[in-house]
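Okay, here's what each chain looks like letter by letter:
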Amino acid sequence: MMLSGKSGKGTTMTKTKALKFEQLGCVPCKQNTLALAKVNTHGIEVIPVSDQESFLKYSVRSIPKLILVGESGEVLDELHGQATVAELQAWFDKNKQNA
């Protein structure tokens, strides 16, 4: 997974991103996805990640997991496990200055 260059929407990726680590068939991952649809991310793009290279790069050992990364790929914050809409909103609210 690349954090520079072009995103799937055809725009240059230069801002902070929330990497959403998940796997197909993961029920808590699906529940986080549904909850995220109700959250104001304050302009932080959420990118689904399921490739092994990224799991290794960010030392992800359990899913679901959100990792906030800066422009150069540095880890700014993490949220582990299944989260409620309120927990996800609080996490994005806390990190909105990084948007």
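This text goes with the structure placed above it.
Undergrad: I'd like to hear about the sheet that holds strand 4 (residues 75–80), residue by residue, with values.
TA: Across the sheet, 4 strands lie side by side as 2-1-3-4; this open sheet has mixed pairing. Both outer strands of the open sheet, strand 2 (45–49) and strand 4, are each paired with one neighbouring strand and no more. Direction aside, the axes of adjacent strands within the sheet are offset by 20° on average.

Undergrad: Report on the environment of Leu88, specifying residues and quantitative values.
TA: As for its placement among the helices and strands, Leu88 is situated in helix 3 (residues 85–95). With 50 residues separating them in the primary sequence, Leu88 and Lys38 have C-alpha atoms 9.3 Å apart. In this structure Leu88 touches Asn32, Ala35, Leu36, Val39, Leu66, Leu79 and Ala83, once residues within four positions along its chain are discounted.

Undergrad: Before we move on, can you summarise the nonpolar core with the specific residues and values?
TA: In terms of nonpolar packing, the biggest core is built from 12 residues, these being Ala18, Ala35, Leu36, Val39, Ile44, Leu66, Leu68, Leu79, Ala83, Leu88, Trp91 and Phe92. Where this core is concerned, the elements lending two or more residues are helix 1 (27–36), strand 3 (65–69) and helix 3. Ranked by the residues each element gives to this core, the list is headed by helix 3, at 3 residues.

Undergrad: If you had to explain helix 3 to someone new, which residues and values would you point to?
TA: Those residues of helix 3 lying buried are Leu88, Gln89, Trp91, Phe92 and Asn95. The arc that holds the buried residues of helix 3, viewed along the axis, is 160°, so those residues lie on one side. On its buried side, helix 3 packs onto strand 1 (17–21), helix 1, strand 2, strand 3 and strand 4.

Undergrad: Kindly report on the packing of aromatic side chains, identifying the contributing residues and their values.
TA: Here the structure, examined in full by the defined rule, presents 3 aromatic pairs. The structure contains a cluster of three or more aromatic residues connected by ring pairs, namely Phe21, Phe55 and Tyr58.

Undergrad: Please set out the pattern of salt bridges residue by residue, giving values where relevant.
TA: Enumeration over the complete set of coordinates arrives at 4 salt bridges. A salt bridge links Glu45 to Lys17; the nearest nitrogen and oxygen atoms lie 2.8 Å apart. One end of the pair, Glu45, is in strand 2; the other, Lys17, is in strand 1, with 28 residues separating them in the sequence. For Glu45, a relative accessible area of 22% gives the class partly exposed. For Lys17, a relative accessible area of 7% puts it in the buried group.

Undergrad: Break down the state of the cysteines for me, citing the residues and quoting the values.
TA: A disulfide bridge is the covalent bond that connects two cysteines by way of their sulfur atoms. Across all of its chains, the model carries 1 disulfide by this definition. Two residues share a disulfide in this structure: Cys26 and Cys29, whose sulfurs sit 2.3 Å from each other. Judged by the torsion about the S-S bond (75°), the Cys26/Cys29 disulfide is right-handed. The class of Cys26 is buried, set by a relative accessible area of 14%.

Conventions and cut-offs
- Residues numbered from 1 in each chain as written.
- Predicted model: local features only at pLDDT ≥ 70, side-chain atom pairs only at ≥ 80, totals over all residues.
- Heavy atoms only, no water.
- Pairing = 2+ DSSP bridges.
- Helix = DSSP H or I, 4+ residues; strand = E, 2+ residues; numbered from the N terminus.
- Axes fitted to C-alpha atoms, helices over the stretch in contact; angles between N-to-C directions.
- Contact = heavy atoms within 4.5 Å.
- Core = buried A, V, L, I, M, F, W, Y, C linked by side-chain atoms within 4.5 Å.
- Buried < 20%, exposed > 50% of the residue type's maximum accessible area, 1.4 Å probe, protein only.
- Arc of directions from axis to C-beta.
- Phe/Tyr/Trp six-rings, centres within 6.5 Å; stacked < 30°, edge-to-face > 60°.
- Salt bridge = Lys/Arg side-chain N within 4 Å of Asp/Glu carboxyl O.
- Disulfide = S-S within 2.5 Å.

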